[in-house]
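Each chain, written out:
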Amino acid sequence: GSTFSPMGLPFPDSDNDLDEQSLNPSVGLLVKPVSYLSFYGSYSESTFSFQNIGLRTVTGERLDEESARQYELGVKAELFDGRLFATTALFQIDKSDVAGSDPDNPFFSVNRGKERSRGIEFDLAGEPLPGWRLTVNYAYIDARITDDPTGVTTGNRRFGVPEHSSGFFTTYEIQNGPLQGLGFGGGLFASDSVELDNFGTAELPGWEQVDAVTFYRGKHWVAQLNVKNLLDEEFFYASSAFEVSEVQRAPARTILGSLSFKF
């Protein structure tokens, strides 16, 4: 039967039924020249059958399914006799048939074109010394629209994606003595500025947040106190929506307590 447009008008019947089957090939190679060092590469293709399922063109046709190709090259290292792990990866993701609003009929959609995200990621995690745990990560992402049928946004940065983002968190738990089991730590998280839409009309400034934690670990229980946004900084962050970013205010200083038991 007919379906209805956002304006309440019936769409014509369409025979473009959703294809629930897709082929998503992937291949990878891992080379380990020594016990503590690995090099790897991978390639994969993906079809997102349900990505554009609810979107229609002005004539009532379903949009083509969004698809992607991903390339990745990286190196993994085990340090301090396997107590610390480091990973560095170069990647590129090419998307096609990305959905966007129809420039002539904004209540409807079109397959807007293609996007490319490329960059580098670095992760470091582990327990280099007894009781000392840390996690470090950094990412550089150049996310751009590489093809737009209208030509308006081609070459622009993709909305909501920071070029630079990073995080650092560390804790230390006392291993001996009367305070054994007591732990404390904190971290810093940061994000670069982001575009608020695909047209490059405005940016949302970058932000930084400091968190802290203290805990006590008993034989069968753990009490923990977390403080989010320790310095009570006022900043805003963007979350992805359809072609534009939704701007949300970060929560003020927040204190969370928890008590867990293990039997």
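Each remark here, short or long, concerns the structure printed above.
Let me begin by describing the structure that accompanies this report. (Residues numbered from 1 in each chain as written. Predicted model: local features only at pLDDT ≥ 70, side-chain atom pairs only at ≥ 80, totals over all residues. Heavy atoms only, no water.)

Another point: unusual backbone geometry. Unlike most non-glycine residues, Asp 81 shows phi in positive territory, near 55°. Within the secondary structure, Asp 81 sits in the loop between β3 (66-79) and β4 (84-101). With relative accessibility at 78%, the residue Asp 81 sits in the exposed group. Positive phi, close to 55°, is recorded for Asp 232, a residue that is not glycine. (Helix = DSSP H or I, 4+ residues; strand = E, 2+ residues; numbered from the N terminus. Buried < 20%, exposed > 50% of the residue type's maximum accessible area, 1.4 Å probe, protein only.)

We now examine the sheet that holds strand β6 (residues 132-147). Sheet strands associate in pairs through backbone hydrogen bonding, adopting either a parallel or an antiparallel arrangement. Read across the sheet, 11 strands follow the order β1-β2-β3-β4-β5-β6-β7-β8-β11-β12-β15 without closing on themselves; strand pairing throughout is antiparallel. With one partner strand each, in any of the chains shown, β1 (26-34) and β15 (254-261) form the two edges of the open sheet. Direction aside, the axes of adjacent strands within the sheet are offset by 10° on average. Taken together, the 10 bridges between strand β8 (residues 182-191) and strand β11 (residues 207-217) define a ladder with antiparallel strand orientation. (Pairing = 2+ DSSP bridges. Axes fitted to C-alpha atoms, helices over the stretch in contact; angles between N-to-C directions.)

Let's shift gears to the pairing of β15. Counted residue by residue, β15 has 0 buried out of 8 residues, so it is predominantly exposed. Where strand β12 (residues 221-228) and β15 come together, 8 bridges link them in antiparallel fashion. In the strand pairing of β15, Val 222 is matched with Ser 260.

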